[in-house]
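Now for the letters of each chain:
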There are 2 protein chains.
Amino acid sequence: MLTIGRLATATGVKVPTIRYYEQIGLLPPPERSMGNQRLYGQSARDRLTFVRHARELGFPLEAIRDLLSLSDDPDRSCAAADAIARAQLVAVRARISRLRALETELERMLVQCAHGTIADCRVIEVLGDHAHCCESDHGAPETV
Amino acid sequence: MLTIGRLATATGVKVPTIRYYEQIGLLPPPERSMGNQRLYGQSARDRLTFVRHARELGFPLEAIRDLLSLSDDPDRSCAAADAIARAQLVAVRARISRLRALETELERMLVQCAHGTIADCRVIEVLGDHAHCCESDHGAPETV
DNA sequence: TCTAATGTCTCTAGCAACTATAGGTTCAAG
DNA sequence: CTTGAACCTATAGTTGCTAGAGACATTAGA
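Quick caveat, the model's predicted, so the values are computed rather than measured.

Trainee: Explain the overall build of chain A to me, please; I cannot follow it from the model alone.
Mentor: Tallying secondary structure elements over chain A gives 6 helices and 2 strands in all. Scanning chain A from its N terminus toward the C terminus, one meets helices and strands in the order α-α-β-β-α-α-α-α. Here the contacts in chain A between residues at least 6 apart in sequence split such that 48% fall between residues at least 24 apart.

Trainee: For this particular structure, what's the right way to read the packing of helix H1 (residues 4-11) of chain B against helix H3 (residues 42-56) of chain B?
Mentor: All names here are of chain B. The N-to-C vectors of H1 and H3 enclose an angle of 45°; their axes lie 10 Å apart at closest approach. By the angle between their directions, the pair H1 and H3 is classed as oblique. The two elements H1 and H3 cross, and the hand of that crossing is right-handed. Touching Leu7, Ala10 and Thr11 of H1 are Arg45, Leu48, Thr49 and Arg52, all from H3. Broken down by class, the residue content of the contact of H1 with H3 amounts to 3 nonpolar, 2 polar and 2 charged.

Trainee: Hey, could you run me through the pattern of salt bridges in this one?
Mentor: Pairs may arise between side chains of opposite charge once their charged atoms sit close together. Under the counting rule described, the total for this entry stands at 11 salt bridges over all chains. With a closest N to O distance of 2.7 Å, Glu22 of chain B and Arg38 of chain B form a salt bridge. Pair noted here: Glu22 of chain B is in helix H2 (residues 15-23) and Arg38 of chain B is in strand S2 (residues 38-39), with a separation of 16 residues, a long-range link. On the accessibility criterion, Glu22 of chain B (15% relative accessible area) is buried. With relative accessibility at 18%, the residue Arg38 of chain B sits in the buried group. Beyond isolated ion pairs, a larger network of salt bridges with shared partners links Arg93 of chain A together with Glu103 and Glu107 of chain B.

Trainee: Explain the protein's contact with DNA strand D to me, please; I cannot follow it from the model alone.
Mentor: Residues in contact with DNA strand D amount to 18 residues; listed here are only the nearest, Tyr21 and Arg55 of chain A together with Gly5, Arg19 and Arg38 of chain B. When the atoms of DNA strand D within 4 Å of the protein are grouped by moiety, sugar and phosphate amount to 90% of the total. With respect to DNA strand D, the side chain of Lys14 of chain A contributes an N or O atom lying 3.4 Å from a phosphate oxygen. The separation between a sugar or linking oxygen of DNA strand D and a polar side-chain atom of Gln37 of chain A is 3.4 Å. Of all elements in the fold, only helix H2 (15-23) of chain A together with H1 of chain B reach the threshold of two or more residues within the surface near DNA strand D. Per-element tally for the surface near DNA strand D: the top contributor is H2 of chain A, with 3 residues. Its residues placed into classes, the surface near DNA strand D shows 5 nonpolar, 8 polar and 5 charged.

Trainee: What is the right way to look at the environment of Leu67 of chain B in this model?
Mentor: With respect to the element layout, Leu67 of chain B can be found in helix H4 (residues 61-71). Note: C-alpha distance between Leu67 of chain B and Ala85 of chain B (18 residues apart in sequence) is 9.4 Å. With residues near it in sequence (within four places) discarded, Leu67 of chain B still touches Val123, Ile124 and Leu127 of chain A together with Phe50, Phe59, Ala81 and Ile84 of chain B.

Trainee: How do you make sense of the protein's contact with DNA strand C when you look at a structure like this?
Mentor: In the vicinity of DNA strand C lie 18 residues, with Gly5, Arg19 and Arg38 of chain A together with Tyr21 and Arg55 of chain B positioned nearest. Of all DNA strand C atoms lying within 4 Å of any protein atom, the proportion belonging to sugar or phosphate reaches 88%. Between Gly5 of chain A and DNA strand C, the recorded distance is 2.9 Å, taken from a backbone N or O atom to a phosphate oxygen. Contacts to DNA strand C include Arg32 of chain A, whose side-chain N or O atom sits 3.1 Å from a phosphate oxygen. Secondary structure elements with two or more residues in the surface near DNA strand C: helix H1 (4-11) of chain A together with H2 of chain B. Examining the composition of the surface near DNA strand C, we find that 3 residues originate from one element, H2 of chain B, more than from any other. Counted by class, the surface near DNA strand C contains 5 nonpolar, 8 polar and 5 charged residues.

Trainee: Help me understand the environment of Asp66 of chain B in this model?
Mentor: Residues and elements named next belong to chain B. Within the fold, Asp66 resides in helix H4. Residue classification places Asp66 among the partly exposed residues on the basis of a relative accessible area of 39%. Sequence separation between Asp66 and Ile84 is 18 residues; the distance between their C-alpha atoms is 8.5 Å.

Trainee: What's the story with the nonpolar core in this structure? I'm lost.
Mentor: The nonpolar side chains of a soluble globular protein tend to be buried with one another. Within the largest apolar cluster, 68 residues are counted, with the highest numbers of intra-cluster contacts made by Ile18, Phe59 and Leu127 of chain A together with Ile18, Phe59 and Leu67 of chain B. The residues contacting Ile18 of chain B, other than those within four sequence positions of it, are Ile4, Leu7, Ala8, Val13, Leu27, Tyr40 and Leu48 of chain B.

Rules used in this analysis
Residues numbered from 1 in each chain as written. Chains lettered and ligands numbered in written order. Predicted model: local features only at pLDDT ≥ 70, side-chain atom pairs only at ≥ 80, totals over all residues. Heavy atoms only, no water. Helix = DSSP H or I, 4+ residues; strand = E, 2+ residues; numbered from the N terminus. Contact = heavy atoms within 4.5 Å. Axes fitted to C-alpha atoms, helices over the stretch in contact; angles between N-to-C directions. Parallel < 35°, antiparallel > 145°, perpendicular 65-115°, else oblique. Left-handed = near helix turned anticlockwise from the far one by under 90°. Nonpolar A, V, L, I, M, F, W, Y, C, P; charged D, E, K, R; others polar. Salt bridge = Lys/Arg side-chain N within 4 Å of Asp/Glu carboxyl O. Buried < 20%, exposed > 50% of the residue type's maximum accessible area, 1.4 Å probe, protein only. Near = heavy atom within 4 Å. Polar contact = N/O pair within 3.5 Å; in protein donor to acceptor, adjacent residues only side chain to side chain. Core = buried A, V, L, I, M, F, W, Y, C linked by side-chain atoms within 4.5 Å.

Quick look at the structure:
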C-alpha cells in the first residue's frame, strides 16, 4: 500500500494533482489508514499511470474519462477508443502546422530586427501592422 | 469613433475580451458617450490590433504588456523587444518538437489497433503501459 | 520515549485568458 | 414611439491544475 506521496513519486503525478483527480471523479476514493490518510494499491497506480500518460499525449481530461470508462468495460468495441485517439491525432497535426507558421514568422521578425531603437524595431512594427509581413493566417491564439 | 461592437468586428477581438483587456489594464479606459458607452479612436484600434496579433503569435498577455510599454517609448533600444520575441521562438520550437513526438505515438497507437475488442486494443494498452511502446519522453502535458 | 521534521489532511483561493449569464440601459430603425 | 439589437456592470464558470492556511499523522533520530 502506497501513501499519496509515494504514489506521486511512483507515477510522476504531483500530490495535489492526485487529490484533484479524485475530486473530479477521475480516480476512485482510495482506502484510508487509521489516521485518515489515503492508501493506494496497484490498481490505483495503474489507473493513474494511464491518466498521466494520456495527459502527456494531450488528451483532455474528458477524453481520458471516456477512455477509462472504455477500459473498465473490456468487451466493448475498440472503435470508440480508436475514434478518440484519431480525433486527437487530427488536433495534434493541426496544432503542429499552426506552430510551424508561427515559428517562421517569429524567425523572420528576429532576422529583420535592425538592433537599433524601438522606432525601427521590426518586432514592434510587425506586431502593429499585420499586412506588412504575414503570409499566413495564424488563426486562434496559441497557448504557449 | 467606434463603439465596442464595431471595434470588435474591425479587429477580430470579441466584445467581452476587449472589456477584459481594459479591466486588466492592457487597454486604457476609453472615452464614453453621453449614455456611458465606450467610444474608441484610431489609437485604441491600433493598440488592440497589436495585442491581437501578438496573441495569435502566442505571446502571453504579460509579454504583450511589456511589448506595449516598449513601443510607447520609441527611443529605447530594440534589444528588449528582440529578447521577448526570441523567448517566444524558443517556446514555440519546444512545443513543436513535443507535439511531433505525440503525433508519432498516436500514429503508432492507431496502426497497432487491432480493431477488435478493448481487450487487445493497443490504444488502451499503450496508454496503460508506457514502457511497452514509447520511444520518446513526452514531457509535460500538452494543452490541445 | 520524546521530539522535531516531514508528510498528510481539508478547505479555500488563485493562475491564464477568457466566456457566459443576469438584469438592466441606450441606441437606431421603422 | 416602439421594438429589438447593442450596450452596460457584476458575477460566476471554464480547464487543469497550483499554492496557501492551519491542523493532524507518521517517522527518524537523540
